[in-house]
Amino acid sequence: MMSQYSLEKAAAAVFEASAQQQRETKATLDALKDAAAKFETKAGALPREIFAQVDRALPDAAHKAAGQIASNWTEANLHAERAAEVYKNAVRWAPWRIGGMAVLSTFCGVLGIVIAAKFVQPNEDVVAALRREEADLRAKIQQLSTKGGYSTVVGCYDSNNRNRLCVLVDESAKIPVKGYRVIKGY
């Protein structure tokens, strides 16, 4: 009898544990259903909430972006105005600069010619000395030409096979001095 009582008691305990487990499972399922319903409600509201947040933030972001764009355009306009002013100044002064460079180049060219002439062209004393030397040389040439300076002198060998200076002589001219001959052409 004892084993029957224990078996009934064990079966009742298992049945009671199963019932308790079933109640806990049902409570968990009910909690899950509530959580799922809340999640669906929140998920359904999420796009509206995101849209509302974007609507609140969008005007401020657009205003900031527009301000930045306007600032960039203003800065670009300032740079363009400065560049236009620099260009206008360059155009205004370009003829003067070109003229100045032309005058400076001409001045440097003339100065270079003057300096070159100063060093290349001899002074009057040198020119006078050269003229005197030329006159002396012309007089010496005249004197030498009367003394046979225009004669043709060549190298020739004598009877002892020595190289000597020889001139062409006029064989037809007879002179009374022994050992002398008349140079041909004189």
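This text gives an overview of the structure that appears in the document. (Residues numbered from 1 in each chain as written. Predicted model: local features only at pLDDT ≥ 70, side-chain atom pairs only at ≥ 80, totals over all residues. Heavy atoms only, no water.)

## Overview of the overall build of the chain
Each helix and strand counted, the chain has two helices and four strands in total. N-terminal to C-terminal, the α/β element order of the chain is α-α-β-β-β-β. Computed over the C-alpha atoms, the radius of gyration of the chain is 66 Å, more than 25% above the 16 Å expected from 2.2 N^0.38 for a compact globule of 186 residues. Reported as C-alpha extents along the three principal axes, the dimensions of the chain are approximately 200 × 65 × 25 Å. (Helix = DSSP H or I, 4+ residues; strand = E, 2+ residues; numbered from the N terminus. Rg over C-alpha atoms; globule rule 2.2 N^0.38 Å.)

## Focus on the side chain of Ser 145
Position of Ser 145 relative to the elements: it lies in helix α2 (residues 124-149). Here Ser 145 falls in the buried class, since its relative accessible area comes to 8%. Not counting residues within four places of it along the chain, the set of residues in contact with Ser 145 comprises Tyr 150 and Tyr 186. (Buried < 20%, exposed > 50% of the residue type's maximum accessible area, 1.4 Å probe, protein only. Contact = heavy atoms within 4.5 Å.)

## Examining the pattern of salt bridges
As enumerated under the stated definition, the model contains six salt bridges in all. Taking the shortest distance from any N to any O, the salt bridge between Asp 60 and Lys 64 comes out at 3.8 Å. With a gap of four residues between them, Asp 60 and Lys 64 both fall in helix α1 (residues 2-120), about one helical turn apart. For Lys 64, a relative accessible area of 58% puts it in the exposed group. A salt bridge links Glu 134 to Arg 138, with the nearest nitrogen and oxygen atoms 2.9 Å apart. With Glu 134 and Arg 138 both in helix α2 and four residues apart, the pair spans about one turn of that helix. (Salt bridge = Lys/Arg side-chain N within 4 Å of Asp/Glu carboxyl O.)

## What about the pairing of strand β1 (residues 153-157)?
Where β1 meets strand β2 (residues 163-167), five bridges bridge the pair, whose relative direction is antiparallel. Bridge assignment links Val 153 to a residue of β2, and that residue is Val 167. Between β1 and β2, which follow one another and run antiparallel, lie five residues, and Asn 161 among them has a positive phi close to 65°. (Pairing = 2+ DSSP bridges.)

## Regarding a nonpolar patch on the surface
A contiguous nonpolar surface patch, about 790 Å² in accessible area, is contributed by Met 101, Leu 104, Phe 107, Leu 111, Ile 115, Phe 119 and Val 120. For Val 120, the position within the fold is in helix α1. Owing to a relative accessible area of 70%, Val 120 belongs among the exposed residues under this scheme. (Patch = residues over 30% accessible without salt bridge, like charges linked within 9 Å, V, L, I, M, F, W, Y side chains within 5 Å. Areas by Shrake-Rupley, 256 points an atom, 1.4 Å probe, with all protein chains shown as cover.)

## Considering the state of the cysteines
A full pass over the atoms with the stated rule returns one disulfide. Note on cysteine connectivity: Cys 156 is disulfide-linked to Cys 166, with sulfurs 1.5 Å apart. Within this pair, whereas Cys 156 is found in strand β1, its partner Cys 166 is found in strand β2, the two being separated by ten residues in sequence. The class of Cys 166 is partly exposed, set by a relative accessible area of 23%. (Disulfide = S-S within 2.5 Å.)

## Digging into unusual backbone geometry
A positive phi angle, close to 65°, is found at Asn 161, a residue other than glycine. Take Asn 161: it is sitting in the loop between β1 and β2.

## What to know about the environment of Lys 147
Within the element layout of this structure, Lys 147 appears in helix α2. A relative accessible area of 61% means that Lys 147 is categorised as exposed. In sequence terms Lys 147 and Leu 7 are 140 residues apart; their C-alpha atoms lie 177 Å from each other.

## Some thoughts on α2
For α2, spanning 26 residues, the distance from its first C-alpha to its last is only 33 Å, which falls clearly below the expected 38 Å at 1.5 Å a residue. Capping of α2 at its N-terminal end is provided by Asn 123; its side-chain oxygen lies 3.3 Å from the backbone amide nitrogen of Asp 125. (Expected span 1.5 Å × (residues − 1). Polar contact = N/O pair within 3.5 Å; in protein donor to acceptor, adjacent residues only side chain to side chain.)

Everything listed here is a matter of geometry and, on its own, says nothing about what the molecule does.
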